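# Tertiary structure, described
What follows is the residue order along each chain.
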Amino acid sequence: MRYLIMLVVAALAVVGIGIGLTMFGGNDAPDRPIADFAIAKGPTTMAAAVAEVDAKVEHRRARLNQAPDEWLRQEMLAISLAERFRLTGDYADIAEAERLLDRAFEVAPQPSGPSLTAASLALTSHGLDTADSMIARYNSTAAQLPDQRRQAEALRGDILFQRGDIQGAARAYALASPDGLDIAGAMRRANALLWGGQPMEARETAEVGLKGAKLAPSGFARSALFMANLSYATGDIARAGEWVSAANAAFDGFWLADAYAGQQMAAEGDTEASIATLEKLARKNAEPDLIDTLVGILLYEGEEARAAAWTKRASALWDEKLATSRDAYRLHAAEHHLDFGDPAIALELAREEVAARPFGEAIEVLASALNANDRPAEALRWLERAEAEGWRAVSLDLARSESLAMLGRDREAKTFLDRAKKINPLAGTEERKLVRFGHF
């Protein structure tokens with residue numbers, strides 16, 4: 001689940017940090033003992049956290065009913081609904097939050113209103129044009145508090161990042177967080193460093209930010225899973241396992257942390273236990289990402305019949321998600337079809353995604369889909385463009401190696417495979433396919 005960073009940042013303060021400014025990583029060595037990372041008070045189980053946010057939603061709904069035309073109360077309820085979505089994944093909460101914000105703008109005098117909340121919500125479903133217009137509305141307001149100004153710059157950086165302008169995102173993040181020490185900014189910068197081909201720097205940056213924060217258990221769990229992703233990106237399975245264990249210890253019953261734990265078993269060599277764990281989770285949770293992880297491990301073990309049955313289930317769930325919000329789920333559905341479904345569908349979805357969000361990850365999926373549809377020359381053009389624009393990652397190098405090999409340029413293909421292996425020793429191996437969550 002490469003898009004975990006969006007959930008992490010959304011759950012934290014919305015301020016950013018510039019990329020390319022490695023001084024902000026500090027001189028501390030990475031891989032600090034995880035026990036040193038403080039966790040604030042708050043619900044320590046998924047059930048308790050959902051109950052708490054349910055109560056908040058109902059309280060704010062009751063307050064809105066008392067004054068249905070007050071846009072601030074509409075905004076506060078929308079914020080709570082978005083918070084619940086981050087826990088449950090129920091897109092109905094996002095849809096209701098969007099309706100509430102639409103009504104808020106109907107009654108709020110121009111240019112006031114919940115512009116930054118609306119921009120943040122739009123980014124949840126990858127609505128870049130909507131987010132852009134909301135930031136423009138905020139920019140037209142006369143009174144701008146410093147925290148709001150920094151929030152607007154961070155969100156503008158997110159938009160630029162997803163539109164493929166990694167350097168523009170860097171400048172926006174630097175304006176959002178000049179000192180570079182806040183947790184959400186550190187996570188943003190770590191993600192950008194990762195996609196700029198610097199995963200070790202990303203790990204250190206994120207650790208420094210997390211060490212200085214004190215998050216509630218649910219926020220810590222999400223951040224710990226992102227830290228696991230950064231470790232997977234360098235092939236450090238052991239450190240990833242420490243972070244996965246920390247996420248589960250902090251916040252019990254979170255399906256995503258449980259799924260990471262199941263994946264970790266396979267990464268450590270116990271595929272039998274991994275399959276049993278993930279199948280149990282898949283029967284309880286209608287999450288296609290989880291099922292895709294299970295399918296990959298089943299195929300690794302040669303369990304083609306079981307894999308086919310679960311693939312059919314995942315495809316149906318991805319279809320449901322696409323019907324709910326095509327923009328929000330299109331890229332992840334493309335990855336499903338690329339790996340386990342119909343390559344032609346993967347290509348169709350990936351082309352649509354890159355037209356909307358031409359950033360590194362989307363270009364990699366498009367290039368891989370082009371390779372799968374025997375169009376390596378076109379794939380290579382996209383990959384060369386991505387690198388020229390500053391995007392670097394193991395997955396980009398592997399797709400490029402594949403394109404070159406298909407074109408008969410074997411020496412160049414080896415160069416990019418070797419480059420990928422310098423970042424992650426697992427690059428190009430079958431074992432890498434066992435790590436679907438955090439797969440860069």
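Heads up: these notes are all about the structure in this document. The model shown is predicted, which means the values in this text are computed figures rather than measured ones. (Residues numbered from 1 in each chain as written. Predicted model: local features only at pLDDT ≥ 70, side-chain atom pairs only at ≥ 80, totals over all residues. Heavy atoms only, no water.)

## Things to note about unusual backbone geometry
Note the following rule: Helix numbers and strand numbers start at the N terminus; a helix is a DSSP run of H or I with at least 4 residues, a strand a run of E with at least 2. Burial here depends on accessible area, computed with a 1.4 Å probe over protein chains only, as a share of the maximum for the residue type. Under 20% is buried, over 50% is exposed, and the range in between is partly exposed.
Here Q110 and P111 are connected by a cis peptide whose omega angle stands at -5 degrees. Summarising the element assignment, P111 is placed in the loop between α4 (91-107) and α5 (115-124). Phi is positive for H126, which is not a glycine, with a value near 65 degrees. Structurally, the position occupied by H126 is in the loop between α5 and α6 (128-139). According to the relative accessible area criterion, H126 is buried, its value standing at 11%. In this structure, D374 is a non-glycine residue whose phi angle is positive, near 60 degrees. Relative to the helices and strands, D374 resides in the loop between α19 (360-372) and α20 (376-388).

## Some details on a negative patch on the surface
What counts here: Think of a patch as exposed residues, more than 30% relative accessible area, with no salt bridge, where like charges cluster within 9 Å and nonpolar side chains (Val, Leu, Ile, Met, Phe, Trp, Tyr) cluster within 5 Å. All accessible-area figures derive from a Shrake-Rupley calculation using a 1.4 Å probe, and residue coverage is judged against the displayed protein chains alone. Whenever Lys or Arg places a side-chain nitrogen within 4 Å of a carboxyl oxygen from Asp or Glu, that contact is recorded as a salt bridge. Charge assignment in this entry is limited to Lys and Arg as positive and Asp and Glu as negative, and neither His nor the chain termini are counted. The location of each charge is read from NZ of Lys, CZ of Arg, CG of Asp or CD of Glu.
A cluster of acidic side chains, namely E268, D270, E272 and E301, defines a negative patch on the protein surface. Tracing the chain through its elements places E272 in helix α14 (residues 271-284). The exposure class assigned to E272 is exposed, which follows from its relative accessible area of 68%.

## Remarks on the environment of K321
Defined as follows: Whether two residues are in contact is decided by their heavy atoms, any of which lying within 4.5 Å being enough.
Following the sequence through the fold, K321 ends up in helix α16 (residues 304-324). As for K321 and P111, which are separated by 210 residues in sequence, their C-alpha atoms are 34 Å apart. Excluding residues within four positions of it along the chain, K321 makes contact with E287, P288, R326 and Y329.

## Description of the packing of aromatic side chains
Under the convention used in this document: Centres within 6.5 Å make a pair out of two Phe, Tyr or Trp rings, where for Trp the six-membered ring is used; the pair is then stacked when the planes are under 30 degrees apart, edge-to-face when over 60, and tilted otherwise.
Going through the model one piece at a time under the given rule, you end up with 8 aromatic pairs. Here F37 and W243 contribute two aromatic rings whose centre-to-centre distance is 5.2 Å and whose plane-to-plane angle is 70 degrees, an arrangement assigned as edge-to-face. Of the two residues, F37 is situated in the loop between α1 (4-11) and α2 (46-66) and W243 in helix α12 (residues 237-250); the sequence distance between them amounts to 206 residues. Assessed through its relative accessible area of 1%, W243 is described here as buried. Between F85 and Y91, the aromatic rings sit 5.9 Å apart at their centres with planes inclined by 90 degrees, giving edge-to-face as the arrangement. By the burial criterion, F85 is buried, and Y91 matches it. Cluster of aromatic residues (ring-pair linked, three or more members): F85, Y91 and Y329.

## Some details on the nonpolar core
For the record, the criterion: Here the nonpolar core consists of buried residues drawn from Ala, Val, Leu, Ile, Met, Phe, Trp, Tyr and Cys, with membership extended through side-chain atoms lying within 4.5 Å.
Membership of the largest hydrophobic core comes to 125 residues, with the highest contact counts inside it found for F161, F220, W243 and F254. Top element by residues in this core is helix α11 (residues 217-233). It accounts for 10 residues. The residues contacting F220, other than those within four sequence positions of it, are F37, A38, I39, L210, L215, W243, A246 and A250.

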